[in-house]
Amino acid sequence: AFFEDVLPDQSGWVPILSRAPFGKLTRFTWFCWPPEKEAMVDYITEIGDEDVYFSPMLYTEPPTTESSRWATKANVLRCVVVYADGDDMDPDLLKVKPTTFVRSSRDHWQAYWRFTDADSISNFDLEDLSHGLYDAHASDAMDRGWPLAKKLRVPYTMNTKPQYGLPYEVNYETDM
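We now turn to the structure provided with this report. (Residues numbered from 1 in each chain as written. Predicted model: local features only at pLDDT ≥ 70, side-chain atom pairs only at ≥ 80, totals over all residues. Heavy atoms only, no water.)

Notes on the overall build of the protein
So, step 1. A count of helices and strands for the protein gives three helices and 12 strands.
So, step 2. What you see for the protein is a C-alpha radius of gyration of 15 Å, in line with the 16 Å of a compact globule of 176 residues.
So, step 3. Overall, the C-alpha framework of the protein stretches about 45 × 40 × 25 Å when taken along its three principal axes.
So, step 4. Out of the 176 residues in the protein, the part that is buried amounts to 48%.
So, step 5. In the protein, the share of contacts with a sequence separation of at least 24, taken over all contacts with a separation of at least 6, comes to 67%.
So, step 6. For the protein, the exposed area adds up to about 8,900 Å²; of that, 51% sits on carbon and sulfur atoms.
So, step 7. The positive charge centre, built from 17 side chains, and the negative charge centre, built from 29, are 5 Å apart in the protein. (Helix = DSSP H or I, 4+ residues; strand = E, 2+ residues; numbered from the N terminus. Rg over C-alpha atoms; globule rule 2.2 N^0.38 Å. Buried < 20%, exposed > 50% of the residue type's maximum accessible area, 1.4 Å probe, protein only. Contact = heavy atoms within 4.5 Å. Areas by Shrake-Rupley, 256 points an atom, 1.4 Å probe, with all protein chains shown as cover. Lys, Arg positive; Asp, Glu negative; His and termini not counted. Charge placed at Lys NZ, Arg CZ, Asp CG, Glu CD.)

Written out as structure tokens, the structure reads:
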């Protein structure tokens, strides 16, 4: 249900990213959404004990299914959410409750606000709204995670950053 909550209802490509053997976030695998949804979920399940990321938007078709340079603003096809990377910010400080909330570690989170009328809003206007959300909460410790093509954690995978102690399972919370 998570991907249906944050991705557009049209066809496009979704990058799933994980760390290469030496720790850099450079292993890209692209899936066509929604036709390859099951294959994407199977792949995420297979690598779920790792740090796994995605972008909450659809892209135009990449030149290869492992292209790491395709996930850029220039290739974004459609976005239907405003998003925030909460870092150490207390989510209770948000003035508008998100439609989707992800706990990425004990003190970090990500939130998404899906627009039911997103067809009337451009990708760049949604990016501006994400930027405005950051501007409104920068002093509250919100991360600068507003640019279009942002990479965010996938629920039900692990956050293995050593500074957070034991690996933390990224949780998708339906009731914040």
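Having put the structure on the table, let's press on.
Focus on helix H3 (residues 123-137)
So, step 1. Along its 15 residues, H3 runs 21 Å from first to last C-alpha, staying within 8% of the 21 Å computed at 1.5 Å per residue.
So, step 2. Along H3, the positions that sit buried rather than exposed are Asn123, Leu126, Glu127, Ser130, Leu133, Tyr134 and His137. Along the axis of H3, the buried positions cluster into a sector of 115°, meaning they face one direction only.
So, step 3. Buried residues along H3 sit against strand S5 (76-79), strand S6 (81-85) and strand S8 (109-114). (Expected span 1.5 Å × (residues − 1). Arc of directions from axis to C-beta.)

Some remarks on the pairing of strand S2 (residues 27-33)
So, step 1. In terms of residue burial, S2 counts as a mostly covered element, since six of its seven residues are buried.
So, step 2. Summarising the sheet, strand S1 (residues 12-18) and S2 pair through seven bridges and their orientation is antiparallel. The residue of S2 that forms the bridge with Val14 is Phe31. (Pairing = 2+ DSSP bridges.)

Quick look at the sheet that holds strand S7 (residues 100-103)
So, step 1. Spatially, S6-S8-S7-S12 is the arrangement adopted by the four strands of the open sheet, whose pairing is antiparallel. Lying at the two open borders of the sheet, with one neighbouring strand each, are S6 and strand S12 (171-173). Taking each pair of neighbouring strands and ignoring which way they run, the sheet shows an average axis angle of 20°.
So, step 2. Taken together, the four bridges between S7 and S8 define a ladder with antiparallel strand orientation. If you follow Thr100 over to S8, its bridge partner there is Tyr112.
So, step 3. Here H3 sits on the sheet in contact with S6 and S8, set at roughly 30° to S6. (Axes fitted to C-alpha atoms, helices over the stretch in contact; angles between N-to-C directions.)

Here's the deal with the packing of aromatic side chains
So, step 1. Throughout the structure, instances matching the rule amount to nine aromatic pairs.
So, step 2. Taking 5.5 Å as the distance between ring centres and 90° as the angle between the ring planes, the aromatic pair formed by Phe3 and Phe54 counts as edge-to-face. On the criterion of sequence distance, the pair formed by Phe3 in helix H1 (residues 2-6) and Phe54 in strand S3 (residues 52-54) is long-range, its members being 51 residues apart.
So, step 3. Given a relative accessible area of 9%, Phe3 falls into the buried group. (Phe/Tyr/Trp six-rings, centres within 6.5 Å; stacked < 30°, edge-to-face > 60°.)

Digging into the pattern of salt bridges
So, step 1. Enumeration over the complete set of coordinates arrives at 10 salt bridges.
So, step 2. Taking the shortest distance from any N to any O, the salt bridge between Arg19 and Asp51 comes out at 3.5 Å. Within this pair, whereas Arg19 is found in the loop between S1 and S2, its partner Asp51 is found in the loop between helix H2 (37-46) and S3, the two being separated by 32 residues in sequence.
So, step 3. Residue classification places Asp51 among the buried positions, given a relative accessible area of 4%.
So, step 4. We note a salt bridge from Arg27 to Glu50, for which the minimum N-O separation is 2.4 Å. With Arg27 in strand S2 and Glu50 in the loop between H2 and S3, this residue pair connects regions lying 23 residues apart in the sequence. (Salt bridge = Lys/Arg side-chain N within 4 Å of Asp/Glu carboxyl O.)

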